[in-house]
Amino acid sequence: MRTRILPVAAAAAALVLVQPSLAVAADDPSTTVTFTVTSGALTLSVPASATLGSGAPGTTISAPIGPCTVIDDRALASASWTVMAAETNFANGASTIPATNATYSAGTVTTTGTITVTPTNVTLSNAAQTVLTGSGGVGDNTASWDPTVAVNVPASAVAGTYTGTLTQSVA
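The rules we used
- Residue numbers restart at each chain and count upward from 1, following the sequence in its written direction.
- Residue-level local features of this predicted model are given only where pLDDT is at least 70; pairs of side-chain atoms are given and counted only at 80 or more, and the full residue set underlies all totals for whole chains, interfaces and linings.
- Only hydrogens and water are removed before side-chain values are computed, so all heavy atoms of the structure are retained for them.
- Segments assigned H or I by DSSP are reported as helices when at least four residues long, segments assigned E as strands when at least two residues long, and all are numbered from the N terminus.
- The rule is simple: take the accessible area with a 1.4 Å probe, protein chains only, and divide by the maximum for that residue type; under 20% is buried, over 50% is exposed, in between is partly exposed.
- Residue contacts are counted whenever heavy atoms from the two residues lie within 4.5 Å of one another.
- Working definition of accessibility: Shrake-Rupley area with a 1.4 Å probe, residue cover restricted to the visible protein chains.
- Basic side-chain nitrogens of Lys or Arg form a salt bridge, by our definition, when they fall within 4 Å of a carboxyl oxygen of Asp or Glu.
- With a 1 Å grid laid over protein atoms only, a set of points is called a cavity when a 1.4 Å probe fits there but cannot get out and a pocket when it is open yet has protein on both sides within 12 Å along at least five of seven lines; lining residues have an atom within 4 Å of a point.
- Grid points are joined across faces, edges and corners, and a volume is the space filled by probe spheres set on the points.
- Under the scheme applied, nonpolar residues are Ala, Val, Leu, Ile, Met, Phe, Trp, Tyr, Cys and Pro; charged residues are Asp, Glu, Lys and Arg; polar residues are all the others, including Gly.
- The term nonpolar core refers to a set of buried residues drawn from Ala, Val, Leu, Ile, Met, Phe, Trp, Tyr and Cys, joined through side-chain atoms within 4.5 Å.
- Here, a strand pair is defined by DSSP locating no fewer than two bridges between the strands.

(A) Geometry of the overall build of the protein. The helix and strand tally for the protein stands at 1 helix and 11 strands. Start at the N end of the protein and walk to the C end: the helices and strands fall as α-β-β-β-β-β-β-β-β-β-β-β. In the protein, buried positions account for 26% of the 171 residues. Here the analysis covers contacts within the protein between residues at least 6 apart in sequence; of these, 74% occur between residues at least 24 apart. Total accessible area on the protein stands at roughly 10800 Å², and carbon and sulfur atoms take up 58% of it.

Next up, the structure:
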């Protein structure tokens, strides 16, 4: 019995020659593909409350107030933002300790994404002051820190629990 190798080889070669080319011809149809990258918001999360502890008149009472986080989901090519802080006077009934007796120190700032963050330690007041500046951001980014608030308690302070409101904002 004879094997017919030649006709099978010729058929395979012909099939390869008939195979369409992978190159795109000028008259081949094309599809334009588009998509949209969405943007979000610039937000700030802060603790709802903080207790600094206790101390005698003439001392400084201080503690970290808890984690604060800026979330910048605006997806900008050139992002920047500023965190501001203002403090009300601390009150215990009719007794008060001025906001200016308190300081705010951001401490270590941890970031994700591309952003350069510069903290500024301030003496608090009733007027908003810059405590963090984010610059050189690209796309989405975050910054987290645990600021320490310190209150210099006057020697003339009356015993009791003093309460003030620290308002932080981002723009």
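(B) The arrangement of the pattern of salt bridges in detail. A complete count under the given rule lists 1 salt bridge for this structure. Measuring nitrogen to oxygen at the nearest pair gives 2.7 Å for the salt bridge that ties Arg74 to Asp72.

(C) Layout of the layout of surface pockets. Taken as a whole, the largest pocket holds about 780 Å³ of empty space. Taken together, 31 residues line the largest pocket, and the ones lying closest to its centre are Ala50, Leu52, Phe90, Tyr162 and Thr163. Contributions of two or more residues to the lining of the largest pocket are made by strand 10 (148–152) and strand 11 (166–170). Its residues assigned to classes, the lining of the largest pocket comprises 19 nonpolar, 11 polar and 1 charged.

(D) Expanded view of the nonpolar core. Within the largest apolar cluster, 25 residues are counted, with the highest numbers of intra-cluster contacts made by Trp81, Val83, Tyr104, Leu124, Leu132 and Trp145. Elements represented by at least two residues in this core include exactly strand 3 (68–87), strand 6 (102–105), strand 7 (110–119), strand 9 (129–145) and strand 10. It is strand 3 that contributes the most residues to this core, 5 residues altogether. Apart from the residues within four sequence positions on either side, Leu124 is in contact with Ala85, Glu87, Ala99, Thr100, Ala102, Thr103, Tyr104, Gln129, Val149 and Leu166.

(E) A look at the sheet that holds strand 8 (residues 122–123). The strand order across the open sheet formed by 4 strands is 2-10-6-8, and the pairing between neighbours is antiparallel. Pairing within the sheet leaves two strands with one partner each, and these edge strands are strand 2 (60–64) and strand 8. Inspection of the sheet shows strand 6 paired to strand 8 by 2 bridges, in the antiparallel sense. The partner of Tyr104 across the bridge, within strand 8, is Val122.

(F) Layout of the environment of Ala102. Tracing the backbone through its elements, the reader meets Ala102 in strand 6. Judged by relative accessible area, Ala102 falls into the buried class, the value being 0%. Taking the C-alpha atoms as reference points, Ala102 and Asn152, 50 residues apart in sequence, are found 6.3 Å from one another. Residues within four places of Ala102 in sequence aside, it is in contact with Phe90, Val122, Thr123, Leu124, Ala150 and Val151.

(G) Just the side chain of Asn101, in detail. Topologically, Asn101 is positioned in the loop between strand 5 (95–97) and strand 6. For Asn101, a relative accessible area of 19% translates into the label buried. If we skip the residues at most four places from it in the chain, Asn101 touches Ala150, Val151, Asn152 and Pro154.

(H) Looking closely at the environment of Ile97. Along the polypeptide, Ile97 turns up in strand 5. On the accessibility criterion, Ile97 (4% relative accessible area) is buried. Separated by 56 residues in sequence, Ile97 and Val153 place their C-alpha atoms 7.3 Å apart. Here Ile97 is in contact with Asn89, Phe90, Val151, Asn152, Val153, Pro154, Ala157 and Tyr162, once residues within four sequence places are set aside.

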